[in-house]
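# Descriptive structure summary
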Amino acid sequence: MLLVGLTGGIGAGKSTVAAVFAAEGAAVVDADALAREVVVPGSPALRAMVERFGTGILDSEGGLHRRRLAREVFGDAVEREALEAILHPAIIKASQERFVALAGQGFEVVVYEAALLVEAGRQREMDLLVVVTAPDVERVSRLMARDGLDEEQVKRRLAAQMSQEKKAALADFVIHNAGAREALRAKVQAIWQQISMKRG
């Protein structure tokens, strides 16, 4: 099984790229989905988060209120590191279990989509690394539309992440997502052809 890391800054278009890989036959494991799974009510990770950040991060049903948590940690490096120290081990364990299960199901290529793949040092676990980049102006507009944030909030989130250039420097493949969706699809399909030659 070939394990392909897929990353890039928020708003770059990772999920769109992942969907194309899935359509071509890859199994996709989404770190953001795993992050939701590991903080369900009663989970060790959620209990640790409440101990660290307080009950204000919970919704009325005792689940995690992600936007309240985001307000606590974005823009504060110490708080963000505290959150990552809780979440990352749980996500790593869940993802590794998922990789093993998918290999057992016969998948030849598994794409692991994770915004913080490089920040967590997990690119070293991957056979190949794909980085998606996009112009900042497009990332800002996408995030404002998607998350209902104002421009200043979006720019703070972008500033809190590793630069696109640093991630791209580590990549086996870089996909620049600017312009029409069909052009992006063609770029991903071309990379898929190269990945397909490496699997085995």
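Residues numbered from 1 in each chain as written. Predicted model: local features only at pLDDT ≥ 70, side-chain atom pairs only at ≥ 80, totals over all residues. Heavy atoms only, no water.

## With respect to the nonpolar core
Among the nonpolar cores identified, the biggest contains 33 residues, and Val39, Met49, Phe53, Leu69 and Tyr112 are the most heavily contacted of them. Among the secondary structure elements, those contributing two or more residues to this core are strand S2 (27-30), helix H2 (31-37), helix H3 (44-53), helix H4 (66-73), helix H5 (77-104), strand S3 (109-113) and strand S4 (128-133). Among the elements that line this core, the one with the most residues is H5, at eight residues. Residues within four places of Phe53 in sequence aside, it is in contact with Leu69, Val73, Glu79, Ala82 and Leu83. Counting residues in hydrophobic clusters, the runner-up holds 22 residues, among them Val4, Leu6, Ala134 and Trp192. (Core = buried A, V, L, I, M, F, W, Y, C linked by side-chain atoms within 4.5 Å. Buried < 20%, exposed > 50% of the residue type's maximum accessible area, 1.4 Å probe, protein only. Helix = DSSP H or I, 4+ residues; strand = E, 2+ residues; numbered from the N terminus. Contact = heavy atoms within 4.5 Å.)

## What to know about the pattern of salt bridges
By the definition in use, this model includes eleven salt bridges. Taking the shortest distance from any N to any O, the salt bridge between Asp32 and Arg36 comes out at 2.6 Å. Of this pair, Asp32 and Arg36 are both found in helix H2, four residues apart, which corresponds to roughly one turn of the helix. The partly exposed category is assigned to Asp32, whose relative accessible area is 35%. For Lys155, the salt bridge is made with Glu151, and the minimal N-O distance between the two is 3.0 Å. One end of the pair, Lys155, and the other, Glu151, are both in helix H7 (residues 151-160), four residues apart, so they sit about a helical turn from each other. With a relative accessible area of 42%, Lys155 lands in the partly exposed category. For Glu151, a relative accessible area of 40% translates into the label partly exposed. Three or more residues are tied together by salt bridges with common partners; here these are Asp32, Arg36 and Arg66. (Salt bridge = Lys/Arg side-chain N within 4 Å of Asp/Glu carboxyl O.)

## A closer look at the pairing of strand S1 (residues 2-8)
Counting buried residues along S1, seven of its seven residues qualify, which places the element largely inside the surrounding structure. Going residue by residue along S1, you find Leu2, Val4, Leu6 and Gly8 tucked away on one face and Leu3, Gly5 and Thr7 tucked away on the opposite face as well. Examined bridge by bridge, S1 and S3 share five bridges and lie parallel to one another. The partner of Leu2 across the bridge, within S3, is Val109. Of the strand pairs in this sheet, S1 and S4 are connected by five bridges, and their pairing is parallel. Within S4, the residue paired with Gly5 across the bridge is Leu129. (Pairing = 2+ DSSP bridges.)

## A short note on the packing of helix H6 (residues 136-147) against H7
Viewed as axis vectors pointing N to C, H6 and H7 meet at an angle of 115°, and their least axial separation amounts to 9 Å. In the packing of H6 onto H7, the handedness of the crossing is right-handed. Between H6 and H7, the residues in contact are Arg139, Val140, Leu143, Met144 and Asp147 and Glu151, Val154, Lys155, Arg157 and Leu158, respectively. In the contact of H6 with H7, the residues fall into five nonpolar, no polar and five charged. (Axes fitted to C-alpha atoms, helices over the stretch in contact; angles between N-to-C directions. Left-handed = near helix turned anticlockwise from the far one by under 90°. Nonpolar A, V, L, I, M, F, W, Y, C, P; charged D, E, K, R; others polar.)

## Some details on the packing of helix H1 (residues 14-24) against helix H9 (residues 181-198)
The contact between H1 and H9 brings their axes to 9 Å, and the two run at 50°. Taken together, the axis directions place H1 and H9 in an arrangement best described as oblique. The way H1 lies across H9 gives a crossing that is right-handed. Taking contact as the criterion, the partners of Thr16, Val17, Val20, Phe21 and Glu24 in H1 are, on H9, Arg181, Leu184, Arg185, Val188, Gln189, Ile191, Trp192 and Ile195. Taken together, the residues of the contact of H1 with H9 break down into eight nonpolar, two polar and three charged. (Parallel < 35°, antiparallel > 145°, perpendicular 65-115°, else oblique.)

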